[in-house]
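Summary of structural features
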Amino acid sequence: MPKVYTLQEWSQAHSIVAVLLFLLLFPSLGAAHSLFIQSGRYSLSEGKGSPLFFCFGHHFPVDEAVRRSKLNFVRVIDPQGKAFDIALRDEKSLHSYVVDYEQPGTYVLVAETNPGYFAMYTDKKGRKRHSLKPLNTFVEKAQSVESSMRSSQWAKTYVTCEHPSSPFPAEVGLPLELVPQKDPSTLKQGDSITFKVHYDGKPYDGQGTWDATYAGFSTEAEDMYFPKTDVGAGEFTLPIEASGRWFVRFFTKTDPPKENTGQYLTEKRTTTLSFEIRNQRKRPRGDSH
């Protein structure tokens, strides 16, 4: 007799097939989603509020929702350097929360993900499989392991209340962080900005990859204005060739530390930064809203 599948078995089988087809047809999208944080507004008057929100995926400025379980923390750092963790709702959404900007200066909005796993392997019957678990949970079932990655991410943006802080809080101590050498709020189209990468609080001089884009350049996934570029000194310069919202990303891929060699083959760390380059008003201001 032919095998009769339960609804759960049928659903799981089709989910695996769908994921494999997706990765085969769209390999550029098979990579881990990128997390980025934005603010509704990037320049506000004292006492005003504006929502922060997230996107998770491959399209900028807006993409997929993110699950609460994916986020380790979301934090607001005020101009005095005091940090406040935001109480997160247990839901899958853009996780929008209103931040009240109560004192002049530069605020830093940051977030960290909980690490995630992704692997592709061939089982002992020659079937292609994927797993969202550590290597040691499936390696005994595998004939070969094509990839096994642990991914951690950090996201950051800056919001100015009344005027920028001096000194500018470029670095806030994320495990992997893009540290701009100028305050993005002081820049305009035609300027450039240099980023230094910090790894565990220290300047990073190893291998990594950066890319960047701005809102409106392309509607297509991972179609970046500045495509992926490898650097070996933890530093790169971004020409600001358009006003609007910018997204900059940097990632590293390294071997795991010795104590984790049984859990994954590659450790990927990604950090993102979103910021706004303002422009002069292009139309006369109306008399009323």
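First, a word on scope: everything that follows refers to the structure included in this document. Here the structure is a predicted model, which means the values were calculated and not measured. (Residues numbered from 1 in each chain as written. Predicted model: local features only at pLDDT ≥ 70, side-chain atom pairs only at ≥ 80, totals over all residues. Heavy atoms only, no water.)

So, on to the overall build of the protein. Within the protein, the regular secondary structure consists of 1 helix and 20 strands. Looking at the protein residue by residue over its 289 residues, the buried ones come to 44%. Partitioning the contacts of the protein with sequence separation of at least 6, the portion at a separation of at least 24 is 63%. By element, 52% of the accessible surface of the protein is carried by carbon and sulfur atoms, the whole surface being about 15,900 Å². (Helix = DSSP H or I, 4+ residues; strand = E, 2+ residues; numbered from the N terminus. Buried < 20%, exposed > 50% of the residue type's maximum accessible area, 1.4 Å probe, protein only. Contact = heavy atoms within 4.5 Å. Areas by Shrake-Rupley, 256 points an atom, 1.4 Å probe, with all protein chains shown as cover.)

Let us look at the packing of aromatic side chains. With the rule as written, the count across this model stands at 21 aromatic pairs. Ring plane angle 80° and centroid distance 5.0 Å describe the contact between Phe217 and Tyr225, whose orientation is recorded as edge-to-face. Classification of Tyr225 as partly exposed rests on a relative accessible area of 24%. Each ring, one from Tyr225 and one from Trp246, has its centre 6.2 Å from the other, and the planes form 80°; the classification is edge-to-face. Taken together, the residues Tyr225 in the loop between strand 16 (208-214) and strand 17 (226-231) and Trp246 in strand 19 (residues 244-254) connect sequence positions 21 residues apart. According to the relative accessible area criterion, Trp246 is buried, its value standing at 0%. One aromatic cluster is present, built from ring pairs that chain together Phe195, Tyr199, Tyr204, Trp210, Tyr214, Phe217, Tyr225, Phe226, Phe236, Trp246, Phe250 and Phe275. (Phe/Tyr/Trp six-rings, centres within 6.5 Å; stacked < 30°, edge-to-face > 60°.)

So, on to the nonpolar core. Judged by nonpolar contacts, the single largest core of 32 residues is most densely connected at Phe195, Phe236, Leu238, Trp246, Phe250 and Phe275. In terms of nonpolar packing, the next biggest core, distinct from the first, is built from 22 residues, Leu71, Val74, Ala111 and Ala155 among them. (Core = buried A, V, L, I, M, F, W, Y, C linked by side-chain atoms within 4.5 Å.)

Moving on: the sheet that holds strand 1 (residues 34-39). Strand order across the open sheet formed by 3 strands is 1-3-8, with antiparallel pairing between neighbours. Pairing within the sheet leaves two strands with one partner each, and these edge strands are strand 1 and strand 8 (97-100). Recorded for the sheet is a direction-independent mean angle of 30° between the axes of neighbouring strands. Inspection of the sheet shows strand 3 (residues 49-57) paired to strand 8 by 4 bridges, in the antiparallel sense. In the strand pairing of strand 8, Leu52 is matched with Tyr97. (Pairing = 2+ DSSP bridges. Axes fitted to C-alpha atoms, helices over the stretch in contact; angles between N-to-C directions.)

Let us look at the pairing of strand 16. Two faces belong to every sheet, and in a regular strand the side chains alternate between them. Most of strand 16 is tucked away: 7 of the 7 residues are buried. Judged by which residues are buried, strand 16 turns out to be covered on both faces: Gly208, Trp210, Ala212 and Tyr214 on one side and Thr209, Asp211 and Thr213 on the other are all buried. When strand 16 meets strand 17, the two strands line up antiparallel, connected through 4 bridges. Across the sheet, residue Gly208 finds its bridge partner in strand 17, namely Val231.

Counted under the stated rule, the structure contains 13 salt bridges. The partner of Glu91 in a salt bridge is Arg89, with the nearest N and O atoms 2.9 Å apart. We classify Arg89 as partly exposed; its relative accessible area is 35%. Of the charged contacts, one joins Arg249 and Asp211 as a salt bridge, the two residues approaching to 2.7 Å between their closest N and O atoms. Of the two residues, Arg249 sits in strand 19 while Asp211 sits in strand 16, which places them 38 residues apart along the sequence. The burial state of Arg249 is the same as that of Asp211; both residues are buried. Each of the salt bridges in this network shares a partner with another, and the network as a whole consists of Asp211, Glu222, Lys228 and Arg249. (Salt bridge = Lys/Arg side-chain N within 4 Å of Asp/Glu carboxyl O.)

With that settled, the discussion passes to a negative patch on the surface. Residues Glu46, Asp100, Glu102 and Glu162 make up a contiguous surface patch of negative charge. The topology assignment puts Glu162 in the loop between strand 12 (142-161) and strand 13 (176-180). (Patch = residues over 30% accessible without salt bridge, like charges linked within 9 Å, V, L, I, M, F, W, Y side chains within 5 Å. Lys, Arg positive; Asp, Glu negative; His and termini not counted. Charge placed at Lys NZ, Arg CZ, Asp CG, Glu CD.)

With that out of the way, let us pick up unusual backbone geometry. At the junction of Phe60 and Pro61, the peptide bond is cis and its omega measures out at 15° in the coordinates. The residue Pro61 is located in the loop between strand 3 and strand 4 (66-67) in this model. Look at the link from Ser166 to Pro167: it is a cis peptide, with omega at 5°. With respect to the helices and strands, the residue Pro167 is situated in the loop between strand 12 and strand 13.

When strand 13 meets strand 14 (residues 192-199), the two strands line up antiparallel, connected through 5 bridges. Residue pairing in the sheet places Pro180 in a bridge with Phe195 of strand 14. Note: strand 14 against strand 18 (residues 235-239), 5 bridges, orientation antiparallel. From the neighbouring strand, Phe195 faces strand 18, where its bridge partner is Phe236. One ladder, built from 2 bridges, connects strand 14 with strand 15 (residues 202-203); its direction is antiparallel. Paired with His198 across the bridge in strand 15 is Pro203. Following strand 14, the chain reverses through 2 residues before pairing antiparallel with strand 15; Asp200 in that reversal takes a positive phi of roughly 55°.

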